[in-house]
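Notes for the structure review
Each chain is listed here by its residues.
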Amino acid sequence: MRAVDVLSHLIRGRRGAVLACACAVLVSACGGGTTGDTDEQPPAVRAELAGVVSPGFDLDAQIPEPGSSPITGRIVVSVKGSRGIIRTSDSFGAGPADEHRTSLAELDAPYMLRFSLVDGSFLVSVATEPGRANVTALTTLLVAQLLGTDPGSAFDSYSASATANIARITDARIAEAQTAVTAYLRNVLGVPVQSGSASFTQAVFVAQPGDLMYDTMVALNAKLATDGITLTDLSQAIAAQARLCLTESITISLGGSTSRFCTASKSGLPETVDPSVMAYVFTDPAGATLTLRLRGNDLLTERYVTAEGVAYDCSAAGCTGLVLGTPAGDLSRSATFTNARIGAAVLNGGLTLPAPGPAIPVLPCDNNRYALVYPDFSFAAECVDANDPFGIGGMFGADDGLPRISFSIGGALHVYLEGESVLSITALQPFTDPGTGQPVFFKCVGAECAGAVLGDPELNYDYGPELTLRSLTLAGVQLRALNTDGTPAAGVDPATLQGSFTTIQYIQPSPALNDCVGATDLVDGQLSFRADPVRICPDAVSGIKNAFVAPDGELTLNVVGSTPDGSGLPSPTLRVVVPAGGGPQVTLIEAQQYTCTSGCTGTTVGAPNGAGERLVTFSGAVLREIEPAGLPGIRTITLNGSFVAPPP
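Given the structure is predicted, the values throughout are model-derived calculations rather than measurements. (Residues numbered from 1 in each chain as written. Predicted model: local features only at pLDDT ≥ 70, side-chain atom pairs only at ≥ 80, totals over all residues. Heavy atoms only, no water.)

1. Remarks on the nonpolar core
Core analysis: the biggest nonpolar cluster contains 54 residues, and M112, L185, L220 and L234 have the highest contact counts within it. Here this core takes 8 residues from helix α2 (residues 137-147), the largest share from any one element. Apart from the residues within four sequence positions on either side, L234 is in contact with L141, Y184, L189, L220, L224 and I229. Within the second largest apolar cluster, 32 residues are counted, among which are I425, F442, A489 and V492. (Core = buried A, V, L, I, M, F, W, Y, C linked by side-chain atoms within 4.5 Å. Buried < 20%, exposed > 50% of the residue type's maximum accessible area, 1.4 Å probe, protein only. Helix = DSSP H or I, 4+ residues; strand = E, 2+ residues; numbered from the N terminus. Contact = heavy atoms within 4.5 Å.)

Encoded structure:
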């Protein structure tokens, strides 16, 4: 589907409960005066934001931000700075029922503001300094245009690491965004912007019929109801369009007029007739295309086709003003146009020729996104919702067999980090080998993950515990093809991974230790990645051991224990399964699983004694780690010791 079709679907095809969010955020610095006594100092001026909160209809009820304790009847707005602790407007003073007044103490500019509506959606706004900041439907659309991403998601991820969005929140860009939103409302939706050029974010207005700003929002609500879409739908459609030009664009001059060509998708594929020729095709939201054909470093032809189907061509030396950059590691390269001529069309600006692959749409997010291109040029690409209990807008990492941290990125990727290194990246969705019809997984380990770069760590205390924030950039990472048993998949090319994420690490305190003193059931485990052994024994309190027999005769023996050294195995379970007529299989279950199958060498399950108990003995039994997608990992644990299993 073309990007323009996706946008049209967002605007016209989606149905939902009508919600419109409100007009301009008003920021007003609160000052203090003197008493007339020249010996006294004036009271300190409170740095704050204040303004009207309105979706364009009556706010009979509000949903306060999590953790807040709002004064009855008060608007509760949350404010984030580029750095500092999130603030809410319920922390002091009363005021008009449809206004907020929010402290900026310990927050650095610029600021983002958010108000929760009863249906779970949000009004969002921005401010560059203390003063007035309205939070309305119009400011929400302005933020979508300004940042090119869903406004609510942009607020969630706003922090010191959101450098791209911080750079975009300037007075000049806010004014440009308002101009674009005004034109969109008037020309696309047919909504009259009765407030004219009055600032959505800073104008003083009242949320009552007859006020021009408020009446504009009322008209917007009516249009949304007629079209059967919500303010969130409209915000996302505007953000998707804006994202295209924020990411990459050039200007094209034709017949005395100039327009922007913003990339909605691009591809780089070898031509069927002559595979030595690469055809790079850029498409804009309206359907216009720009095609460059190259053989190595030699430009063969250029073609620009307008959305109306009018074509302009040049070839070889006739294509002037284009400079190609040196190919990067993933074979992408820059293309700079300086008064470049394609027939009567004149191009200025820069584009990036993509790595060889299919047409991947430009994603409506700066961060927490990936694009994975499989060997047959099929692909998976998306903006990923952050799994983030702290609301920072990043991927939360969990201890996963210390000292390793793991991140799950949607249902698509799994990443292991250790210290300053990327241990492995696994693509979780299998690819079918066209030659064998068997599933193939893609993974890189250690030095194979070239192009995966961890940013410098940033300590963060804004949310209570000590957190470590750092970026993870994936630039043309090659993931090799593996069979389900972890062996290389012969004849299958690697997959290529692009992406960028914010990672959040919180190191859990070490668990209470069990010294295993006096334990008769004791197993020593030697992990391959550390010198000290791990001692596994039943928990001193619960001492859980059990056994049961399945209908097919399969015997399962479990001992739930604990380790005495906080080694990343806080509450392991040793499970021994003896199939009817087969040898034992052993699994150590903890944050990550280790297992051996097919008659696990070094494991002996004795015959039952008179009480029905069995002695399970480990003598150099080696268990291998099982990683995401069921692939065998590189770590092992070697078990020695024994435990007595109870009767089933």
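2. Focus: α2
Since one α-helical turn is 3.6 residues long, residues separated by three or four positions face the same way. α2 sits mainly inside the fold: 10 of its 11 residues count as buried. The backbone nitrogen of L138 lies 3.2 Å from a side-chain oxygen of the residue at the head of α2, namely T136. Directly after α2, the chain includes G148, whose backbone phi takes a positive value near 65°. (Polar contact = N/O pair within 3.5 Å; in protein donor to acceptor, adjacent residues only side chain to side chain.)

3. Considering the sheet that holds strand β9 (residues 249-254)
The antiparallel open sheet is built from 5 strands, whose spatial order is β10-β9-β18-β17-β16. Both edges of this open sheet fall to β10 (257-262) and β16 (320-324), since each of them pairs with a single strand only. Put simply, the sheet's adjacent strands are angled 15° from each other on average, direction ignored. In this sheet, strand β18 (residues 345-353) lies alongside strand β17 (residues 333-342) in antiparallel orientation, the contact comprising 8 bridges. Paired with T336 across the bridge in β18 is G350. (Pairing = 2+ DSSP bridges. Axes fitted to C-alpha atoms, helices over the stretch in contact; angles between N-to-C directions.)

4. Re the sheet that holds strand β4 (residues 87-88)
Taken together, 4 strands build an open sheet; the order of strands is β4-β3-β6-β7 and the sheet is antiparallel. Sheet topology places β4 and β7 (122-127) at the edges, where each strand pairs with a single neighbour. Taken together, the 6 bridges between strand β6 (residues 108-116) and β7 define a ladder with antiparallel strand orientation. From the neighbouring strand, Y111 faces β7, where its bridge partner is A127. Contacts from α2 reach β6 and β7, with the element oriented near 65° to β7.

5. A look at the packing of aromatic side chains
Applying the stated rule across the entire model yields 6 aromatic pairs. Judged by centre distance (5.7 Å) and plane angle (55°), the ring pair of Y374 and F442 falls under tilted. Linking Y374 in the loop between β20 (369-373) and β21 (379-383) with F442 in strand β26 (residues 439-445), this pair joins segments that are 68 residues apart in sequence. On the basis of relative accessibility, which here comes to 0%, the residue F442 falls in the buried class. Members of the aromatic cluster, connected to one another through ring pairs, are F261, Y304 and Y312. Above the face of the F155 ring, K80 is positioned so that its terminal group lies 5.1 Å from the ring centre. A cation sits over an aromatic face here: R114 above F122, 4.4 Å from the ring centre. (Phe/Tyr/Trp six-rings, centres within 6.5 Å; stacked < 30°, edge-to-face > 60°. Lys NZ or Arg CZ within 6 Å of the ring centre and 35° of its normal.)

6. Quick word on the state of the cysteines
Chemically, a disulfide is nothing more than a covalent bond linking the sulfur atoms of two cysteines. The final tally for this structure, using the stated rule, is 4 disulfides. Shown here is the disulfide that connects C444 with C449, its sulfur atoms set 2.0 Å apart. When the S-S torsion is 105°, as for the bridge of C444 with C449, the disulfide is right-handed. Note on cysteine connectivity: C596 is disulfide-linked to C600, with sulfurs 1.7 Å apart. Taking the sign of the S-S torsion, -95° for the link of C596 and C600, the bridge is left-handed. The buried category is assigned to C600, whose relative accessible area is 4%. (Disulfide = S-S within 2.5 Å.)

7. A few points about the pairing of strand β2 (residues 48-54)
With 7 of its 7 residues buried, β2 lies for the most part within the structure. Sheet topology places β2 next to strand β5 (residues 99-103); 5 bridges connect them, and they run antiparallel. Pairing of A50 across the sheet is with R101, part of β5.

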